[in-house]
Amino acid sequence: MSKKNLAYVALAVLMVATLALGACGKQAEEPKLEIFSWWTGGGEAEGLTAMYGIFTAKHPDIEIINATVAGGAGSNAKAVLATRMQAGDPPDSFQVHAGHELIDSWVKAEKMEPLTKFFKDNGWLDKYPQGVIDILSYGGDIWSVPVNIHRSNVLWYNKAIFADNGLQPPTTLAEFFTVADALQAKGIVPLSLGDSGIWTVTHLFESVLLGSMGPAKYRGLWDGTTDWNGPEVKSALESLSKMLGYVNTDHASLEWQPATKLVADGDAAMNVMGDWAEGYFKTLGFTPDVEFGYVPSPGTAGSFLMLSDSFGLPKGAKHPENAKLWLELCGSKEGQDAFNPIKGSIPARTDGDLALYDVYLQSAMADFASNEIVPSLAHGAAAAEGWVTAINDTLTLFVADKDVAKAQTSMAKACVDAGMCK
Ligand code: GAL
């Protein structure tokens, strides 16, 4: 072969090789999808399974790896997630609260892929309330897909106990204590609590803060315009201290579900919990407005303490295309209308099918559309993770020593440390 011909053959071989590489260079993704969440409890696990069912029907060849870490409010899951993210081993998509938890923990740390184009391509920009888009946004981009809206400030109560004792559910903090005294006098545990994870006390506290100062001042706590050293925070801590005197004696050894179950079983009268408790009540076979009732937590009528579970796409996900298929489902009307009626939450979208939602959830939808919306502290909406942890730590001590002045000083410092107060 002449030198020239040899050169042609070499070139041809190179071209074929390049083409072949091009074709397989974009290697098809493994048919797997790892979803990380803390949804293991009654109601939440069933809701997730319903979404997985739809996903599998649409994409039968993709295997879902259900990576869950038990512990309400992500009390264990968040640490596991942080370790994995630091090690460069992110799940394909993970549950994260909209607001500061998403933005401060992951977006500012440049660990997430922007999803603005994804929202546009799916035609979602006008399908969500602007307030929801706002808390998913940072630096001009949207960073996760919200699957629901939860309400934190709900007082659940056992209807039979209230009826049998001629009581009305309390609407103010003062009424709460009157009712609690009446119940205690009858030997009934007034308020159930399960603070084996301190987040449930923080959860109760955010309701008490809101009930003690109203939505405008409550909002101001998170941007430094409401004084943490002021009289309202003091009064909230005093109320919390007093409330802790009405709880079940085994509170420190219970998680949120057993605490909610005390109300379901008639072993306690009331419980302040987010509306995932509604999903849980329903898995126990109870019906809203029949065995259990619900009112805004004392003093908070007209305000909706909100949080939202969302899913994002971490940088370095092993199956990003499959993750996008998951996110597509999370953001869809079909996905949200399958998940939320079971989960005890309302759709984050504005076009949910009302007929699928029970009487409680319909009332939550109406309130979400008309109330003052304020962000939850315990569930990542109001403040960055470090600030939430500082308040959790303060409340851990407070449950034991009930020292109002010490707790207030420590919370005021937490605001300074978070960079929001001087
Ligand atoms: C919240 C979460 C809810 C629910 C709850 C109890 O933080 O947003 O979806 O799972 O914790 O685990």
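Residues numbered from 1 in each chain as written. Predicted model: local features only at pLDDT ≥ 70, side-chain atom pairs only at ≥ 80, totals over all residues. Heavy atoms only, no water.

What follows covers the sheet that holds strand E3 (residues 93-97). Here we have five strands laid out as an open sheet, ordered E2-E1-E3-E13-E6, and mixed in their pairing. This sheet does not close on itself; its edge strands, each paired only once, are strand E2 (63-68) and strand E6 (145-146). In the sheet, strand E1 (residues 32-37) pairs with E2 via six bridges, with the strands oriented parallel. Considered in E2, the bridge of glutamate 34 is made with isoleucine 65. Sheet strands touched by helix H2 (residues 44-58): E1 and E2. Its angle to E2, the strand with the most contacts, is close to 165°. With respect to the sheet, helix H3 (residues 77-86) is in contact with E1 and E3, its orientation differing from that of E1 by roughly 135°. (Pairing = 2+ DSSP bridges. Helix = DSSP H or I, 4+ residues; strand = E, 2+ residues; numbered from the N terminus. Contact = heavy atoms within 4.5 Å. Axes fitted to C-alpha atoms, helices over the stretch in contact; angles between N-to-C directions.)

Its identity as a non-glycine residue notwithstanding, glutamate 110 has a phi of 60°, on the positive side. If you trace the backbone, glutamate 110 turns up in the loop between helix H4 (100-107) and helix H5 (116-121). Here lysine 402, not a glycine, exhibits a phi torsion of approximately 50°, which is positive. In this structure, lysine 402 sits in the loop between helix H16 (385-401) and helix H17 (404-417). Given a relative accessible area of 33%, lysine 402 falls into the partly exposed group. (Buried < 20%, exposed > 50% of the residue type's maximum accessible area, 1.4 Å probe, protein only.)

Next up on the list: the pairing of E3. With five of five residues buried, E3 is to be regarded as a mostly interior element. Neither face of E3 is open: one carries Ser93, Gln95 and His97, the other Phe94 and Val96, and all of them are buried.

Let us look at the sheet that holds strand E12 (residues 303-307). Here we have three strands laid out as an open sheet, ordered E7-E12-E14, and mixed in their pairing. Each end of this open sheet is capped by a strand with a single partner; those strands are strand E7 (150-151) and strand E14 (372-375). Where E7 meets E12, two bridges bridge the pair, whose relative direction is antiparallel. Note that in E12 the partner of arginine 151 across the bridge is methionine 306. Against the sheet, helix H15 (residues 359-370) makes contact with E7, E12 and E14, and its axis sits at roughly 100° relative to E12, the strand it touches most.

Close to the ligand lie 13 residues; Glu44, His97, Asp309, Lys343 and His379 are nearest. Within the contact set of the ligand, an oxygen atom lies 2.6 Å away from a side-chain nitrogen or oxygen of glutamate 44. One of the side-chain N or O atoms of histidine 97 is found 2.7 Å from an oxygen atom in the ligand. In isolation the ligand has 300 Å² of accessible area, and contact with the protein removes 100% of it. Among the residues making up the shell around the ligand, the classes are represented as six nonpolar, four polar and three charged. (Near = heavy atom within 4 Å. Polar contact = N/O pair within 3.5 Å; in protein donor to acceptor, adjacent residues only side chain to side chain. Areas by Shrake-Rupley, 256 points an atom, 1.4 Å probe, with all protein chains shown as cover. Nonpolar A, V, L, I, M, F, W, Y, C, P; charged D, E, K, R; others polar.)

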